[in-house]
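Summary of the model geometry
Here are the chains, one letter per residue:
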Amino acid sequence: MQPVSRPNALAQRDLLGIEGLSPDRVSAILDLSESYVALNRNAHKKSDVLRGRTLILLFFETSTRTRTSFELAGKRLGADVINISVASSAIKKGETLIDTAMTLNAMHPDVIVVRHPDAGAVRLLANHVNCSVINAGDGSHEHPTQALLDALTIRNHKGRLDGLRVAICGDVLHSRVARSNILLLNMMGSQVRLVAPPTLVPPAVERLGVEVFHDMRRGLEECDIIMMLRLQAERMQGTFVPSTREYFRYFGLDEEKLAMARPDALIMHPGPMNRGVEIDSRVADDITRSAILEQVELGLAVRQACLDMLGREPESA
Amino acid sequence: MSDKRTAYINARLLDPESGLDALGVLLTEGARIADLGPGLFADGVPEGIETVDCGGHCLSPGLVDMHVHLREPGHEHKETIATGSLSALAGGVTSLCCMPNTDPVIDNVGLIEFIHRRAREAKGVKVFPFAAVTKGLEGKQLTEFGMLAEAGAVAFTDDGLPISNSQVMRRALSYAKTFDLLISQHAEDLSLSACGCMAEGEVATRLGLEGIPEISETVMVERDIRLVEHTDGRYHVAHISTADAVDCVRRAKARGLRVTCEAAPHHFSLTDLDVGDYRTFAKMAPPLRSEANRTAIVEGLKDGTIDAIATDHAPHDQESKRLPMAHAANGIVGLETLLPLSLELYHGGHLPLLDLLRRLTLAPAELLKLPVGRLRKGAPADLLLFDLEAPWVVDSTKFRSMSKNTPFDGRPVQGRALRTIVDGRSLFTLDGDTAR
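Overview of the structure. Numbering of residues begins from 1 in every chain and follows the order in which that chain's sequence is written. Each chain is given a letter, starting from A, and each ligand a number, starting from 1, according to the order in which they appear as written. In keeping with the model being predicted, local features are shown solely for residues with a pLDDT of at least 70 and side-chain atom pairs are shown and tallied solely at 80 or more, while totals for entire chains, interfaces and linings include all residues. Working from all heavy atoms in the structure, the side-chain values ignore hydrogens and water.

Residue and element names in this part refer to chain A. The secondary structure listing takes helices from DSSP runs of H or I that are at least 4 residues long and strands from runs of E that are at least 2 residues long, numbered from the N terminus. Mapping Q295 onto the fold places it in helix α11 (residues 292–311). Here's how the labels work: a residue is buried when its accessible area is under 20% of the maximum for its type, exposed when over 50%, partly exposed in between, all with a 1.4 Å probe on protein chains only. The class of Q295 is buried, set by a relative accessible area of 3%. Here the side chain of Q295 touches D150 through a polar contact of 2.8 Å, side chain to side chain. Only heavy atoms enter the contact rule, under which two residues are in contact if any of them lie within 4.5 Å. Those residues in contact with Q295, other than ones at most four positions away along the chain, are Q146, L149, D150, T153, M268, H269 and P270. Polar contact criterion, stated in full: a pair of N or O atoms within 3.5 Å, where within protein one must be able to donate a hydrogen and the other to accept it, and residues adjacent in sequence count only if both atoms are side-chain atoms.

Attention now goes to the interface of chain A and chain B. Between chain A and chain B, the residue contacts involve 15 residues of the former and 17 residues of the latter. The term buried area denotes the loss of accessible surface (1.4 Å probe radius) that occurs when two parts are joined, taken as the sum for both partners. Three residues, T239, P242 and E246 of chain A, lead the burial of chain A against chain B; their summed loss comes to 36% of the area buried on that side. For salt bridges, the criterion is a side-chain nitrogen of Lys or Arg within 4 Å of an Asp or Glu carboxyl oxygen. Remark: the boundary between chain A and chain B carries two salt bridges. In this structure, E150 of chain B engages R249 of chain A in a salt bridge whose closest nitrogen and oxygen atoms are separated by 2.6 Å. Summed over the shared surface of chain A and chain B, the result is 12 residue pairs in polar contact (both at pLDDT 80 or more). As a working rule, the residues Ala, Val, Leu, Ile, Met, Phe, Trp, Tyr, Cys and Pro are called nonpolar, Asp, Glu, Lys and Arg charged, and the rest polar, with Gly in that last group. Split by residue class, the side of chain A that touches chain B holds seven nonpolar, five polar and three charged.

Picture a little ball the size of a water molecule; that probe, rolled over the atoms, points out where space is still empty. Any residue with an atom within 4 Å of a point lines the site, the site being either a cavity, points on a 1 Å grid over the protein atoms alone where a 1.4 Å probe fits but cannot get out, or a pocket, an open set with protein on both sides within 12 Å along at least 5 of 7 lines. Grid points are joined across faces, edges and corners, and a volume is the space filled by probe spheres set on the points. Counted by the stated rule, this structure contains four cavities of 30 Å³ or more. Reported here for the largest cavity is a volume of approximately 70 Å³.

Here the focus is the packing of aromatic side chains. Put simply, two rings from Phe, Tyr or Trp (the six-membered ring, in Trp's case) pair if the centres are within 6.5 Å, and we call them stacked under 30 degrees between planes, edge-to-face over 60, tilted for the rest. If you walk through the whole model with that rule in mind, you get five aromatic pairs over all chains. Here the aromatic cluster, defined as three or more aromatic residues joined through ring pairs, consists of Y250 of chain A together with F145, F156, Y175 and F179 of chain B. Comment: the charge-over-ring label is applied if NZ (Lys) or CZ (Arg) is within 6 Å of the ring centre and within 35 degrees of the ring normal. For K257 of chain A, the ring lying beneath its charged end belongs to F248 of chain A, and the centroid distance is 5.9 Å.

Residue and element names in this part refer to chain A. Each pair of strands is called paired provided DSSP finds at least two bridges between the two strands. Strand order in the open sheet formed by four strands is β2-β1-β3-β4, and the pairing between neighbours is parallel. A single partner strand is all that each edge strand has here, and the edge strands are β2 (80–85) and β4 (132–138). Direction aside, neighbouring strands of the sheet carry axes that sit 15 degrees apart on average. Only the contacting stretch of a helix is used when fitting its axis, a line to C-alpha atoms as for every element, and angles between N-to-C directions run 0 to 180 degrees. Against the sheet, helix α3 (residues 97–105) contacts β1 (54–59), β2 and β3 (111–116), and its axis sits at roughly 165 degrees relative to β1.

This part covers the pattern of salt bridges. Counted under the stated rule, the structure contains 45 salt bridges over all chains. Salt-bridge contacts for D31 of chain A lead to R155 of chain A; the nearest nitrogen and oxygen are separated by 2.9 Å. Separated by 124 residues along the polypeptide, D31 of chain A in helix α1 (residues 23–40) and R155 of chain A in helix α5 (residues 144–158) bring together distant segments of the chain. Judged by its relative accessible area of 16%, R155 of chain A is buried. A salt bridge links R250 of chain B to D247 of chain B, with the shortest nitrogen-to-oxygen separation between them at 3.3 Å. Remark: D247 of chain B and R250 of chain B occur in helix α8 (residues 243–254); sequence separation between them is three residues, near one turn of the helix. Note on D247 of chain B: relative accessible area 31%, which makes it partly exposed.

Take the packing of α1 of chain A against α5 of chain A next. Two numbers describe a pair of packed helices, the interaxial angle and the distance between the axes. Residues and elements named next belong to chain A. Running from N to C, α1 and α5 cross one another at 70 degrees; their axes reach a closest spacing of 10 Å. Taken together, the axes of α1 and α5 lie roughly perpendicular to each other. Residues V26, S27, I29, L30, D31, S33, E34 and V37 of α1 form the contact with α5, whose own contacting residues are L148, A151, L152, R155 and N156. Broken down by class, the residue content of the contact of α1 with α5 amounts to seven nonpolar, three polar and three charged. These descriptions rest on fixed angle ranges, namely under 35 degrees for roughly parallel, over 145 for roughly antiparallel, 65 to 115 for roughly perpendicular, and the rest for oblique.

Turning our eyes to something else, we now look at the pairing of strand β5 (residues 58–61) of chain B. Residue and element names in this part refer to chain B. In this structure, strand β1 (residues 5–15) lies alongside β5, joined through two bridges in parallel fashion. Within the sheet, the bridge partner assigned to L13 lies in β5 and is L59. For β5 and strand β17 (residues 383–393), the ladder comprises four bridges, and the chain directions are antiparallel. The partner of P61 across the bridge, within β17, is L383.

Let's shift gears to helix α4 (residues 166–176) of chain B. Owing to its 3.6 residues per turn, the α-helix aligns residues three or four sequence positions apart on the same side. Counting buried positions over the 11 residues of α4 of chain B gives eight, a clear majority of the element. Where α4 of chain B is concerned, the buried positions are V168, M169, R171, A172, L173, S174, Y175 and A176 of chain B. Those residues of α4 of chain B hidden inside the fold are in contact with α8 (244–251) of chain A together with α3 (145–151), β11 (182–185), α7 (215–231) and β14 (234–237) of chain B. Backbone nitrogen of Q167 of chain B and a side-chain oxygen of the N-cap are separated by 2.8 Å at the start of α4 of chain B; the cap is N165 of chain B.

Joining through side-chain atoms within 4.5 Å is the link that ties buried Ala, Val, Leu, Ile, Met, Phe, Trp, Tyr and Cys residues into a set, and such a set is a nonpolar core. If you look at the biggest cluster of nonpolar residues, it comprises 169 residues, and the most contacted ones within it are V113, L148, L253 and L307 of chain A together with F145, I183 and I240 of chain B. With 10 residues, α11 of chain A is the largest single contributor of residues to this core. If we skip the residues at most four places from it in the chain, L307 of chain A touches L50, L55, F70, A73, G74, L77, V111, V113, I134 and R312 of chain A. Counting 20 residues, the second largest nonpolar core, distinct from the first, contains C197, L207, W392 and V394 of chain B.

All names here are of chain A. When the terminal C-alpha atoms of helix α2 (residues 65–76) are compared, their 16 Å separation across 12 residues agrees well with the 16 Å that a helix rising 1.5 Å per residue should span. Of the residues making up α2, those classed as buried are T66, R67, S69, F70, A73, G74 and R76. Phi turns positive, to about 90 degrees, at G78, one or two residues after α2. Given a helix with a known number of residues, its expected span is that number minus one, times 1.5 Å.

Residue and element names in this part refer to chain B. Taken in spatial order, the six strands line up as β9-β10-β11-β14-β15-β16 in an open sheet, and their pairing is parallel. Across the chains shown, the open sheet's two edge strands, defined by having one partner strand only, are β9 (130–131) and β16 (308–309). The pairing of strand β15 (residues 259–263) with β16 spans two bridges and is parallel. Its bridge partner lying in β16, E262 is registered against A308.

What follows is the structure in structure tokens.
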């Protein structure tokens, strides 16, 4: 069975964020992703929908799972995949982002997947190329494919995205995953809560339509979904939270706090996990509750779907 | 012992919480107040209850001093928890908060437990430690507020030093909100205070001493109030000393911000004139200021802008004070002069007695969510029996504190603690027969 996507199914050239997507388009991406999930479980996983197409992965930040996931997604769809790592590129030699964009553009790629430490940098690059651009994470702004894979994971378990109570817990301030998830889940009709110390809650975040809790036990009450975020210790200078042990005591997900959520609450984490900091190992490894590895599996399918929808040649329909 | 009953008869009962001011009886049972009122035991005290005749003197909640330096650990030659406790009891104080600028700094759970253990061993005043806001008082990294509060820290301060870095203060106020904790600030812009050793003004100029300007306090309080507004945190100005800063707090309160403050007796009793001839016993931080500032502190206490009176009891050995003004240590002892100096506000007609007692008992207890500071059935029997009128002269050689650094030596005062009761036990009596 080959997944079927309509050309230009997204009716947009780029996927820079959840912002700008409609519920219909999100559903279309998730539907197509599901067929790729099925395909990926076959012995024969390859398709040729992107044969002859060129995919460039341009990562200005280190990444294991997202980069591997996109690379594998491109290869399974038959695209030629080029990896550009910052360490060995002209960027290290002082090239500006726009020059990099125009240089790559001159080689006529079909899709560029970009991760960059600065919010807005992916959009800036997209403005200077003719091909499709997928945002694989820009600073603390957006990480749309992560939110889509999280949505697919939730839909698989709960059968829907609307009417669910979702707690996003931890370092929201520095998290692009949180921002994309807030946008997507709100759009699809879930109720989103943030659970974090005040120092890790971005200002005016209530305006995004979320409820904020500083007491994790109260924040988890009656929740269907618990999304843990990684404490981004590399961005801390000691004053966001005093120590990881205090953080774990009050904001780490352990069995006791988990008991406040619904008995069938699903535990998610975008990875990489800091065990003993934001999540207890017993909870993370509880296969009856934790969807953390499933998120990785579905992430590949979501990225195949996105590449398929953006990268397929219109005429090939 | 645990259910021993004592009736304090013929007492002028004074309770700022209920507004009670009447002659009556208070009954303690074990460590609790069992009953009280004007009509209690009107037909005589039943058999089996010990009676203490208060002779018509005032029986109020024991004083709660939210700002005390006990110097232990690290500077036990100035004061220890045991000697500080004796000093407190002699002054009518039944609960005190010790500041974390010890050596080592009270910035971890182990130190809180140490303070509790030493206080238990002293079997005296109740000690409620403040913990440091930043590790090592370095002004950089927050301490573990949650774990420290669970261990018993009742509030947080870097007292002795201000939290100068605005981002650190912002995060401290913000993070403290997680647990609804109070941040107390030693409000001083160190770059403005520079090398000053007394209040800036005429006296400093005549003495040729570098001055500390009022603006060094005002600037910090103004900044912090903006940060409180931004973070919605809970903020307290320690030992407020200037008219402008009092006014900042007054306006912040009017705007509904969670801002409170305390004043020390020396800041409403003395002025920079009392520095006189380079008297290092009149050196403290913040410094004694002009008469206009002194009267503003009195006004602040009258209108409630200043919530509490706290001593900033800062014991120092002689050698730390027998130095040129610029090199002498800051601070004076205060526990044993707290009551009579505060009563000057009553005798001088500035504050009604119950209002004054509120600032010495209930107000600090409420700020810190302590169950003490009130005469109420079931509350801890922490009581102060005092003679409102008795005239006496402060004599530092009689102080129970290890240190005698007071500028009030020889001052004629009025009003004195007769008996101090903690958890139902009389731990101090003026005539010396201290029962244990």
